[in-house]
Amino acid sequence: MDELPLSALFYRALTAAAKACNLPTIEDETQELVRSALSDLRQCSTRVAKLALFSPNEQLSDIPTRDLVYLLLPYVLSEVQSRVRTTEREERIDLVSEVKRHLEAYVHYLEQYEIVTAEDKNLYSRPTSSIADPAKRRELKIKQYKREKDIKARIEAVRKRTNQSAAEPSSNIELIASILLDPAKQSSDTTEETDADTEEILREALVLLLRFIYAEAQTQLERTTEELELLRNAPPLPPQRPPSDDPRVAKKRQEDDMWKLDAPLNRGGPDGKGPLLDPQGKPLRPFVLLGSNAADRARLQAQVFQSDHRLPTMSVEEYLELELERGNIITGGGPASEQKPTSKEQLALDAEQDGTKFGEEKAEEKRQRDESWAQYTDANPKGAGNTMNRG
């Protein structure tokens, strides 16, 4: 049997994975599709490693357009791996750990080849769950949603330029498959012509797709980390007793279930009904705040029937005295201020004090002031500045 080309094998895996994403995980048909897709994807990973398609010494411009799509292999593996049905906790922990490893590998590839922009790296560098402020967390989520919406709109525009189906994909796997050309529908005669016409458009679409999946991978990586932490910290399951074949035991158990009441479980918290707040401070159930002793309760009770506005704490006179001390009240004015001489009149009065040193100094100051004014009036005769709009 001839070995399928790498592109055909990857497209077959994407087709099976896209079908599995639209079916319930618990169904046997879904698990059959998952196993088939996982087998093809692992073969693709092995062949990509053997062919050495990617090297840490290369840059994005060094990777051929036909090979860019295989950077999505770790993400597709994580998506298909997460659809595997598990029943035991240890199995789920191993499965989630493997999914996390695939997502981290995909994020590492894109950051290594600098496919994602610095803006995207800063936007997704911090998990939203680590932000305690709800307003900042909401603002970050809105920015991430707008960024993903913008990239997806650009992808749809490129898909329309390639004359592909206008139907919107229902999952990321279908979106990846819609960007690729079905190898079974391509003939060897038209491959070169198609590549020459659409390689630039296809490369642009693949780069945008890689950036969009980067945002999705970062979000799923955060959820996977939270699930893994929850599974590892979950309490152990109680041991199950083996079923008894004795009919008397079964009858007694049935009577106990019918007539006996279950004892209330202690769920923690101050009253045994569970915690009041979650780690972020969000209330989990209603509760009443009371003082720790009778004095505090009496003080709170005395504050119930009070005015609904703030009462004054000082009189108007006390307030004015305080403002006067602060220097916020202007003094002066009135008849006393009107009768007081101006600075020019006061200077003339002081200059008339003959025979004193103070009078001589003021006379000299008055002479210099008059001389300065005379020079100004000589340089600026009356009416010189009024040109009557004559230029």
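The structure we're discussing is the one just above.
Residues numbered from 1 in each chain as written. Predicted model: local features only at pLDDT ≥ 70, side-chain atom pairs only at ≥ 80, totals over all residues. Heavy atoms only, no water.

Q: What exactly am I supposed to notice about the overall build of the protein here?
A: In terms of helices and strands, the protein carries 15 helices and zero strands. Considering only contacts within the protein whose residues lie at least 6 apart along the sequence, 69% involve residues at least 24 apart. Surface summary for the protein: the accessible area is close to 28,800 Å², and the carbon and sulfur share equals 52%. (Helix = DSSP H or I, 4+ residues; strand = E, 2+ residues; numbered from the N terminus. Contact = heavy atoms within 4.5 Å. Areas by Shrake-Rupley, 256 points an atom, 1.4 Å probe, with all protein chains shown as cover.)

Q: What is the right way to read the environment of V48 from this model?
A: Tracing the sequence through the fold places V48 in helix α2 (residues 28–51). Once residues within four sequence positions are removed from consideration, V48 is found in contact with L6, L53, F54, Y70 and L73.

Q: Mind showing me how you'd approach the packing of helix α1 (residues 6–21) against α2 here?
A: If you want to describe how two helices pack, look at the angle between their axes and the distance between the axes. The interhelical angle for the contact between α1 and α2, taken along N-to-C directions, is 150°, at an axis separation of 8 Å. With respect to their mutual orientation, α1 and α2 come out roughly antiparallel. In this structure, α1 crosses over α2, and the sense of that crossing is left-handed. Each of L6, L9, F10, R12, A13, A16, A17, K19 and A20 in α1 lies in contact with α2, whose residues at this interface are T30, L33, V34, A37, D40, L41, Q43, C44, R47, V48 and L51. (Axes fitted to C-alpha atoms, helices over the stretch in contact; angles between N-to-C directions. Parallel < 35°, antiparallel > 145°, perpendicular 65-115°, else oblique. Left-handed = near helix turned anticlockwise from the far one by under 90°.)

Q: Any chance you could explain the pattern of salt bridges here in plain terms?
A: Pairing of side chains with opposite charge becomes possible as their charged atoms draw close. What the rule picks out here adds up to nine salt bridges. With its nearest N and O atoms 2.9 Å apart, the salt bridge here joins R92 to E227. Here the residue R92 occupies a position in helix α5 (residues 89–112), and E227 occupies one in helix α9 (residues 191–233), the gap between them amounting to 135 residues. Look at E227 and you get partly exposed, because its relative accessible area is 28%. With a shortest N-O distance of 3.8 Å, R101 and E98 are connected by a salt bridge. (Salt bridge = Lys/Arg side-chain N within 4 Å of Asp/Glu carboxyl O. Buried < 20%, exposed > 50% of the residue type's maximum accessible area, 1.4 Å probe, protein only.)

Q: Would you take a moment to explain α5 for this structure?
A: Because each turn of an α-helix spans 3.6 residues, side chains separated by three or four positions in sequence point in the same direction. Between the first and last C-alpha of α5 there are 34 Å, a value that for 24 residues agrees with the 34 Å anticipated at 1.5 Å per step. All of the buried residues in α5 are I93, L95, V96, V99, H102, L103, Y106, V107 and L110. Among the residues trailing α5, E114 stands out with phi positive, at a value near 55°. (Expected span 1.5 Å × (residues − 1).)

Q: Mind showing me how you'd approach the nonpolar core here?
A: If you look at the biggest cluster of nonpolar residues, it comprises 62 residues, and the most contacted ones within it are F10, Y70, L72, V76 and Y106. Elements represented by at least two residues in this core include exactly α1, α2, α4 (73–81), α5, α6 (118–124), α7 (134–161), α8 (172–179) and α9. Of all the elements, α9 adds the most residues to this core, at twelve residues. Setting aside chain neighbours within four positions, we find Y106 in contact with L71, L72, P74, Y75, L209, L210, I213, Y214 and A217. (Core = buried A, V, L, I, M, F, W, Y, C linked by side-chain atoms within 4.5 Å.)

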